[in-house]
Structure formats: structure tokens, C-alpha cells
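Fold and geometry: a report
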Amino acid sequence: GSVASYRIGDDGALSAPVSVIQHTGSSVDPKRQKEPHAHSINFSPDGRFAYAADLGTDRIYLYAVDGATSALKRAGETVITPGSGPRHCTFSPDGKFAYVINEMTLKVTAFRADAASGKLTEIQSLGTLPEGTEPVGSTAEVVAHPTGKFLYGSNRGHDTIVVYAIDETTGQLTRVENEPIRGKTPRNFVVSPDGKWLLAAGQQSDSVTVFAVDGTTGALEFADSQIQVF
């Protein structure tokens, strides 16, 4: 339940910890949220702020980043709906919007990000499964497309990548589709820097599957390419 920062030397080596900050608190689920569980940390695109998603306390902790020393300073927090379990976070390329995927409720929460203060203001919460689908498993990764037009999230159990279109003016999401990964438990996936490909890793199928990204809709098409990794 803690976060830490380090300086990176010219030779690539890490310094001793510059900041170590321990989260405190809990949330409503007695089994999974009895204590902090800092799950991920992301920089804002301009590097001025860091955001730590804590699954155990249903909070996104905001830290101001000292660019010279790498020190972190608490600058606020955003409370997520109790029982959500925020896991990972991603930003639109322009830094105007942030998207948090919630492991326990299988939802993505969209936020407007204030450039000056780093504050997040919730604008929408949307499920990661098709309408009418019974909840199954949990979510994992969330990634914004390099163009800022699309958002992707992974569903473990449903074994799909959910695709959303992003309204570039409001930041709101519209679900496009759920694409099966042709494997099991997509714990992680990446979008290529040019935005043309998505590679999904199946944790329990020992597989990596390649999809082509439709540049107009964001939809995924199986590229007839899958490898086994052991």
C-alpha cells in the first residue's frame, strides 16, 4: 500500500528512494479492501503529477512531482464509488481526460483532468461487458489509443478486450464492441506506438494474440497471428 520515487542516473541506475509514502485506510469489501493496495502509478502526460490507483481504499491519490529531485508530494485524492477497486489508469494523449478501470465492479470511470491542479472530476462510469451480460471475473489493463480517439480495457473471465470510442470534446465513452482474445485471462495488452496493432496476452492460455485496429472505429480484427509462450 505504498508508493516510492527514485532518481534515474545518467547511466540508467536508480538512486536510493527519494520518497516513500504509505497509504492508509480501507473500504467496504472486508476480504479485498481491509487495507491499502496501491496497484499502479501513472504520470500525467506533462510529467507534473503522478496518480496512484489504490484498489484497497477506492481512491486515486494525487502527487505533485518535483522534476529536479523526483520527490513526490501529496496534492489531493479522488474517491471512487465504494467497492469499485480501481486498478489501472491511463490518460488521453492531450492530458485532458483520465480513465480508471475498476477491477471489482468491471467498470471504467472517466475523469476530466485539471491541467493546473491535477484534480480529477468524474464525468462518467461505464461497464466493460456487453449490456445484459452477467458479471464474470475482473478487469485488468486499460490503454488509450495514441490518437486519443479510442480506449481499450481487458476483461479476465469474459476473456475479451472492450473497445470504446472517446468523444474528444467531452471525454465521454461509447462502447464499440467486446473482442474475444482467443485465449484466457487477458491480464495485460499493449497498443503499438503507431496505433495500428493491439497485442493481448492470455495469462492462463500462455498466448499472445495480435489484432489490427480499425483507424476509423477503433474496432479490433484478429490478424490471424497468435503465438504460444512458455
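Structure report, in brief. Small disclaimer: the values here were computed from a predicted structure and weren't measured. (Residues numbered from 1 in each chain as written. Predicted model: local features only at pLDDT ≥ 70, side-chain atom pairs only at ≥ 80, totals over all residues. Heavy atoms only, no water.)

Here we look at the overall build of the protein chain
The helix and strand inventory of the protein chain stands at 0 helices and 18 strands. Its C-alpha atoms give the protein chain a radius of gyration of 18 Å, near enough to 17 Å, the size a compact globule of 230 residues would have. Taken over 230 residues, the protein chain has a buried fraction of 46%. Put simply, 39% of the contacts in the protein chain that link residues at least 6 apart link residues at least 24 apart. Approximately 11,200 Å² of the protein chain is accessible, and the part contributed by carbon and sulfur atoms is 51%. Positive and negative charge centroids in the protein chain, built from 20 and 26 side chains respectively, lie 5 Å apart. (Helix = DSSP H or I, 4+ residues; strand = E, 2+ residues; numbered from the N terminus. Rg over C-alpha atoms; globule rule 2.2 N^0.38 Å. Buried < 20%, exposed > 50% of the residue type's maximum accessible area, 1.4 Å probe, protein only. Contact = heavy atoms within 4.5 Å. Areas by Shrake-Rupley, 256 points an atom, 1.4 Å probe, with all protein chains shown as cover. Lys, Arg positive; Asp, Glu negative; His and termini not counted. Charge placed at Lys NZ, Arg CZ, Asp CG, Glu CD.)

Observations regarding the packing of aromatic side chains
Scanning the model with the defined rule gives 2 aromatic pairs in all. Relative to F91, the ring of Y51 has its centre 5.0 Å away and its plane inclined at 55°; by these criteria the two rings are tilted. You can see Y51 sitting in strand β4 (residues 49-54) and its partner F91 sitting in strand β7 (residues 86-91), a full 40 residues away along the chain. For the pair shown, Y51 and F91 are each scored as buried. (Phe/Tyr/Trp six-rings, centres within 6.5 Å; stacked < 30°, edge-to-face > 60°.)

Details of the environment of V143
With respect to the helices, strands and loops of the structure, V143 is situated in strand β11 (residues 138-144). Between the C-alpha atom of V143 and that of E35, which follows or precedes it by 108 residues, the distance is 27 Å. Not counting the four nearest positions on each side in its chain, V143 is found in contact with T90, F150, L151, Y152, F189 and V191.

Observations regarding a nonpolar patch on the surface
A cluster of nonpolar side chains, contributed by Y6, I8 and L14, occupies part of the molecular surface with about 340 Å² of accessible area. Secondary-structure assignment places I8 in the loop between β1 (2-5) and β2 (19-22). Residue classification places I8 among the exposed positions, given a relative accessible area of 63%. (Patch = residues over 30% accessible without salt bridge, like charges linked within 9 Å, V, L, I, M, F, W, Y side chains within 5 Å. Salt bridge = Lys/Arg side-chain N within 4 Å of Asp/Glu carboxyl O.)

Observations regarding the pairing of strand β6 (residues 72-79)
Bridge count between strand β5 (residues 59-65) and β6: 7 bridges; the pairing is antiparallel. Looking across to β6, one finds that L62 is bridged to G76. Taken together, β5 and the strand that follows it, β6, pair antiparallel across an intervening segment of 6 residues, in which S70 is found at a positive phi of about 75°. (Pairing = 2+ DSSP bridges.)

Observations concerning the sheet that holds strand β12 (residues 150-156)
Read across the open sheet, the 4 strands follow the order β11-β12-β13-β14; overall the sheet is antiparallel. What marks the edges here is a single partner per strand, and that holds for β11 and β14 (173-180). Each adjacent strand pair in this sheet contributes to an overall mean axis angle of 20°, direction not counted. Where β12 meets strand β13 (residues 160-166), 6 bridges bridge the pair, whose relative direction is antiparallel. Pairing of Y152 across the sheet is with V163, part of β13. (Axes fitted to C-alpha atoms, helices over the stretch in contact; angles between N-to-C directions.)

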